[in-house]
Amino acid sequence: MQIKSARFLVSNTKVSALPLGNVPEYAFIGRSNVGKSSLINKLMNQAGLAKTSQRPGKTQLINHFIVNENWYIVDLPGYGYARVSKTSREKWEKFIRNYLTKRENLQCVFVLIDSRLEPQAIDLEFCAWLGECAIPFCIIFTKADKQSGPKTDQNVNKFKKALLEQFEEFPPYFITSAESGLGKEKVLQFIGEINEQFVAPILPTDPNS
Ligand SMILES: Nc1nc2c(ncn2[C@@H]2O[C@H](COP(=O)(O)OP(=O)(O)OP(=O)(O)O)[C@@H](O)[C@H]2O)c(=O)[nH]1
Ligand SMILES: [Mg+2]
């Protein structure tokens, strides 16, 4: 899929204030600093579109970007940032889980996993929760440029094995780098195929119109 345009639309903490859910939507989620915002920028060919930082905890809101004027890409705050208080963590949980379970036009959640790490309990638990809620998801392994191919494959296989203890099948997955652009075309093609099949949900009509 070709990206002709991508622009920031709105930031939110409330599901009730999200933009109209009349186009397909894809959310990027994962631990703080895993590279969500950087990968969105690479996919969209716009360096400063989503705000990135070397310090974890940069993205704090639900950020909607509209792509080609006909689908949404959503940058979410990360989980698992150690320096966040219990209260803000609970707040995060509530509003993100609320968003993920209620958003009808959400086609797929991309769970980003750092390809340099051994399987992390927090990621496996999050995937298990998505499974329980029947929310469709894919896995994106990030930062593959930071190590050798065989090392990435080793960690991917370990993650697969760990996830298959909870699931019967491994979901579609992608190995990516926001630095080199590895995996970019495959992710965009995957989104493009889902977009073609999208049927808009019936939205409440305005009683005044
Ligand atoms: N080498 C390399 N660095 C990356 C890659 N993706 C992200 N980074 C770096 O990792 C750091 C975190 O990236 P972000 O995109 O801000 O991460 P995030 O997941 O959005 O983080 P939060 O918004 O804090 O949850 C930044 O310093 C990026 O430059 C990658 O594919 N390769
Ligand atoms: Mg971010």
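Per chain, residue numbering runs from 1 following the sequence as it is written. As they are written, the chains are lettered A onward and the ligands numbered 1 onward, keeping that order. Given that this is a predicted model, residues contribute local features only at a pLDDT of at least 70 and side-chain atom pairs are listed and counted only at 80 or more, while totals for whole chains, interfaces and linings are drawn from all residues. As a rule here, side-chain values come from all non-hydrogen atoms in the structure, and water together with hydrogens is ignored.

Visitor: Please set out the environment of Ile29 residue by residue, giving values where relevant.
Guide: By secondary structure assignment, the location of Ile29 is in strand S2 (residues 25–30). Along the primary structure Ile29 and Leu76 are separated by 47 residues, whereas in three dimensions their C-alpha atoms are 5.7 Å apart. For Ile29, the contacting residues outside a window of four places in its chain are Lys36, Leu76, Pro77, Tyr79, Trp92, Ile96, Leu100, Val109, Phe110, Val111, Leu112 and Phe126. Only DSSP runs of H or I covering at least 4 residues are called helices, and only runs of E covering at least 2 are called strands; the numbering of each starts at the N terminus. Contacts are residue-level and defined by heavy atoms, with any inter-residue pair within 4.5 Å sufficient.

Visitor: Please provide a residue-by-residue account of the site of ligand 1, values included.
Guide: It suffices for a single heavy atom of a residue to lie within 4 Å of a molecule or strand for the residue to be listed as near it. The environment of ligand 1 is made up of 22 residues, and the closest members are Ser38, Gly57, Thr59, Asp145 and Ala178. Within the backbone of Asn33, an N or O atom sits 3.0 Å from an oxygen atom of ligand 1. Measuring from an oxygen atom of ligand 1, one finds a backbone N or O atom of Gly35 at 2.9 Å. Here, Shrake-Rupley sampling with a 1.4 Å probe gives the accessible areas, and only protein chains in the shown set may cover a residue. When ligand 1 sits alone it has 660 Å² of accessible area, and the protein chains cover 88% of it. Of the residues in the shell around ligand 1, the class split is 3 nonpolar, 12 polar and 7 charged. N or O atoms within 3.5 Å of each other form a polar contact, as long as, within protein, one can give a hydrogen and the other can take it, and as long as residues adjacent in sequence are counted only when both atoms are side-chain atoms. As a working rule, the residues Ala, Val, Leu, Ile, Met, Phe, Trp, Tyr, Cys and Pro are called nonpolar, Asp, Glu, Lys and Arg charged, and the rest polar, with Gly in that last group.

Visitor: Please set out the sheet that holds strand S4 (residues 71–75) residue by residue, giving values where relevant.
Guide: In this scheme, strands are said to pair when DSSP sees at least two bridges between them. Taken in spatial order, the 7 strands line up as S1-S3-S4-S2-S5-S6-S7 in an open sheet, and their pairing is mixed. Edge positions in the sheet fall to strand S1 (6–12) and strand S7 (173–175), since each has one partner strand and no second. Between one strand axis and the next, the sheet turns through 25 degrees on average, direction left out of account. Bridge analysis of S1 against strand S3 (residues 62–67) gives 6 bridges, and the strand direction is antiparallel. Directly across from Asn12, in S3, lies its bridge partner Ile62. Comment: axis = line fitted to C-alpha atoms, over the contacting stretch for helices; angle = value between 0 and 180 degrees taken between N-to-C directions. Where helix H1 (residues 36–44) meets the sheet, its contacts fall on S1, S2, S3, S4, strand S5 (106–114) and strand S6 (137–142), and the angle it forms with S4 comes to roughly 150 degrees. Across the sheet, helix H5 (residues 184–197) touches S2, S4, S5, S6 and S7, and the angle it forms with S5 is around 165 degrees.

Visitor: Mind laying out the packing of aromatic side chains, listing which residues take part and the relevant values?
Guide: Side-chain rings of Phe, Tyr and Trp (the six-membered ring for Trp) are treated as a pair once their centres are within 6.5 Å; stacked means planes under 30 degrees apart, edge-to-face means over 60, and tilted covers the remaining angles. Applying the stated criterion across every chain yields a total of 14 aromatic pairs. Ring geometry for Tyr26 against Trp71: centres 5.6 Å apart, planes inclined by 85 degrees, an arrangement best described as edge-to-face. Here the residue Tyr26 occupies a position in strand S2, and Trp71 occupies one in strand S4, the gap between them amounting to 45 residues. A network of ring pairs unites the aromatic residues Tyr26, Phe28, Trp71, Phe110, Phe174 and Phe190 as a single cluster.

Visitor: Give me the lowdown on unusual backbone geometry, citing residues and values where you can.
Guide: A positive phi angle, close to 80 degrees, is found at Asn33, a residue other than glycine. Looking at the secondary structure, you find Asn33 in the loop between S2 and H1. The phi angle at Ala134 is positive, at roughly 60 degrees, despite the residue not being glycine. Position of Ala134 relative to the elements: it lies in the loop between helix H3 (121–132) and S6.

Visitor: Can you tell me about the pattern of salt bridges, naming the residues and giving the values?
Guide: Whenever Lys or Arg places a side-chain nitrogen within 4 Å of a carboxyl oxygen from Asp or Glu, that contact is recorded as a salt bridge. Applying the stated rule across the entire model yields 5 salt bridges. Between Arg31 and Asp123 there is a salt bridge; the shortest N-O distance is 3.7 Å. Pair noted here: Arg31 is in the loop between S2 and H1 and Asp123 is in helix H3, with a separation of 92 residues, a long-range link. An identical accessibility class is assigned to Arg31 and Asp123; each is buried. Burial here depends on accessible area, computed with a 1.4 Å probe over protein chains only, as a share of the maximum for the residue type. Under 20% is buried, over 50% is exposed, and the range in between is partly exposed.

Geometric descriptors of this kind do not, in isolation, establish any biological role.
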